[in-house]
Amino acid sequence: MDEITGVFIQESREQLAEMESGLLRLEQDPEDQDNINSIFRAAHTIKGGSGVIECHFIESFTHRVENLLDALRNGDLAVTSTLATLLLECCDHMGCLLDVLGAEASEPDAELQARGESLTERLKVLLGAPTTAPASSDMTLHDPTVEVESSGGGIVVTDSWHISVRFGENVLRGGMEPLSFIRYLASLGEIVGLETITDAIPAAAEMDPESCYIGFEIQLQTRSSKADIERVFDFVRDECDLHILPPNSKLSEYIKRIEELPEDSMRLGEILVRCGALTQTEIDQGLLNQETACAGPSTDGAPHSPQLGEILVDNKVVHKELVEAAVVKQTQVNDKKAKEARLVRVQADKLDQLIDLVGELVIAGASANLLAQKSRQAGLVEATSVLSRLVENIRDSALQLRMVQIGDTFTRFNRVVRDVSKELGKEIDLQISGAETELDKTVVEKIGDPLMHLVRNSLDHGIEPVALRLERGKPACGRVSLNAFHDSGSIVIEVSDDGGGLNKNKISAKALERGIIQPGQQLSEAEIVNLIFEPGFSTVDKVSNLSGRGVGMDVVRRNIQALRGAVNVTSVEGQGSTFSIHLPLTLAIIDGFLVGVGKAAYVIPLDTVVECIEQKEPPTGRSFLNLRGEALPFIRLRDLFEIEGTPPARESIVVIQFGGQKAGIVVDQLMGEFQTVIKPLGVMFPHLQGIGGSTILGSGEVALILDVAALVRIVSQSEEQKFLPERNTPSLPVHPGN
């Protein structure tokens, strides 16, 4: 795939996301013209881009969608739920067409083509049955209540038609000459103004001599009708973007033309001329007046430099609203260009390569630091220390490049909630908070599917039907919330709802029926609710299209644990449930705390370490100690990993914390902080419990990285079992995926 196609696909997906987001907002506020214009511009951009790369199957379908959006924008169609659903389906189809382009296929397969034709027929049906909507504004340029008298220079602008035409790239290939249409147009009357629009002309190296890149803004005085003018362009109607504003057009139509102008850097006067509100003569007169005013003496002696817009309004040649719209357009273009100038698009592969190189730099730096310490040369130790600090800064900066906000992932669920709530016949509102929270790009990509399962379960099983909610004294509209925040060096994502909550008695009965627990077995509340993560577990009596087969929650937990994370659920019956996902910020390089047991070295992620305690007389016969009045469960790495040898007389306990739970790890020695490059364990060790990866020390030896989430879970569950002596299953509940 060439570079320009790759850029088109990436930018089109961004435009599609904006379209979808805009369509969801449109249902809530059908009168928001800015939103409608934004949706139209997104579709128009995709169509234009597809024409540039000559992807005709995307261009033709988007053109049909654009027709419907144009009718919507002009008030010929009213916003309905059916229309919004159809446009959302069109967005999905355009996404599929982009996939086809990304796969470098010449055209969509038969199934996709059939779906496109079906959508096209539905678009035609809607376009064929317009429902006249009231005009957005009754104000015209010749409204008697507005003091705009006439144009300057002897030309009355509003007695002229304003014709805006942008020819498509294939016009010349089709044997059509743009100037011939202008000459034919002149036969209908007098062309009093003509401006050639050249913003679409590419760089010379990219220009195709057989393609057409120009457009025209034309002012025509004629007694012909709009239909007559439109017929001039009949031969290129499908290959051009044509807008015809009649004399005495409404103010809103000129404002719309300003909003649709190309996003070029233009002065105020250029914008007003291009939209047809003023002539060049009027602008020249206004500029002359401005120059005269600046040169003349002021009444108070202060410098006097009136703005051009003020002068034009004072001259009564243009409405103040049009000047304000032009200023807004000018500001938007400048802001967008300034924002784009600050951004650089970089391929993800290049970032991954950079992170790998930084990882090797960290390992090499650690090795150099170790050798310097062994040499006992103060100058060398100091130099390597400075080098280590710089490497650490480079590492943090490189990792920051991979951090993205989770807001885009959250926003996708607006569509899910809309579609699922309509399918279920429920009223559900999605609330999003913490969208600006950043985490590693890889984590964001992999957390989408688990979140999808949790949200769909909340919609299907969590939120009650409307009648039941009203009966329970709740508002008819249910609430599902997505929240993200940082906590102790990790990120927490919460999916909560205000539904009926988990029925613990029903879960216990189902677990007993399936043999997951034994009769008489005592379980804590946390253990009961976490039974829903067992494979194939479901308390739902009726299987729906969305869920109910017990497939999904175990996959959710397995996928999250694969990211070195953990998932917990809390629930209050009748009030709702909250799923909390704890994830590491990054999967590449971390600050670690090096500990030793026997001859082996282990790394604990530094952000999970709370404190270290020296234990002179390790407790025997129990696995918890009194830490300043708090019971702290602990685990011995020597026992967990069956390391041979005798422990030293003095052991150390590293207190760790994850997901709000504390635990102790008993080790032989503490070896200090260490920058850790995480290496995966490989496919040979997918079921290792308590180990999250490996790393290479400065000496070249390999150290294992502890999976703190798994260790905390092992320690806490082990203690709970001891406090429930009547249980028949002394072994820890081990997930099948572990």
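Before any of the text, the structure's been laid out above.
Residues numbered from 1 in each chain as written. Predicted model: local features only at pLDDT ≥ 70, side-chain atom pairs only at ≥ 80, totals over all residues. Heavy atoms only, no water.

This paragraph deals with the overall build of the chain. From N to C terminus, the chain includes 22 helices and 21 strands. Taking all 738 residues of the chain together, the buried fraction comes to 43%. Within the chain, contacts between residues at least 6 apart in sequence are counted, and of these 70% link residues at least 24 apart. Counting every atom, the chain has about 37700 Å² of accessible surface; 51% of that belongs to carbon and sulfur. (Helix = DSSP H or I, 4+ residues; strand = E, 2+ residues; numbered from the N terminus. Buried < 20%, exposed > 50% of the residue type's maximum accessible area, 1.4 Å probe, protein only. Contact = heavy atoms within 4.5 Å. Areas by Shrake-Rupley, 256 points an atom, 1.4 Å probe, with all protein chains shown as cover.)

Moving on, we come to the pattern of salt bridges. Taken as a whole, this structure holds 23 salt bridges when the rule is applied. The salt bridge partner of E66 is K47, with a shortest N-O separation of 2.9 Å. Taken together, the positions of E66 in helix α3 (residues 56-73) and K47 in helix α2 (residues 33-52) put the pair 19 residues apart, joining distant regions of the chain. Each member of the pair, E66 together with K47, is buried. A salt bridge links E614 to R650; the nearest nitrogen and oxygen atoms lie 3.0 Å apart. Here E614 is found in strand β14 (residues 609-615), whereas its partner R650 is found in the loop between α21 (637-640) and β17 (651-658), with 36 residues between them in sequence. E614 gets classed as partly exposed once you look at its relative accessible area, which sits at 49%. What makes R650 partly exposed here is its relative accessible area of 45%. Here the residues in one salt-bridge network are E20, E27, D92, R415, R418 and D419, joined through shared partners. (Salt bridge = Lys/Arg side-chain N within 4 Å of Asp/Glu carboxyl O.)

Turning our eyes to something else, we now look at the packing of aromatic side chains. Applying the stated criterion to the full structure yields 5 aromatic pairs. Summarising the aromatic geometry, the rings of F167 and F181 are spaced 5.9 Å apart at their centres and angled 35° between planes, so their arrangement reads as tilted. You can see F167 sitting in strand β1 (residues 161-167) and its partner F181 sitting in helix α6 (residues 178-186), a full 14 residues away along the chain. Side by side, F167 and F181 carry an identical accessibility label, which is buried. Relative to F216, the ring of F167 has its centre 6.2 Å away and its plane inclined at 80°; by these criteria the two rings are edge-to-face. Separated by 49 residues along the polypeptide, F167 in strand β1 and F216 in strand β3 (residues 215-222) bring together distant segments of the chain. Accessibility classification places F167 together with F216 in one group, the buried group. (Phe/Tyr/Trp six-rings, centres within 6.5 Å; stacked < 30°, edge-to-face > 60°.)

By themselves, these observations are geometric and do not establish any function.
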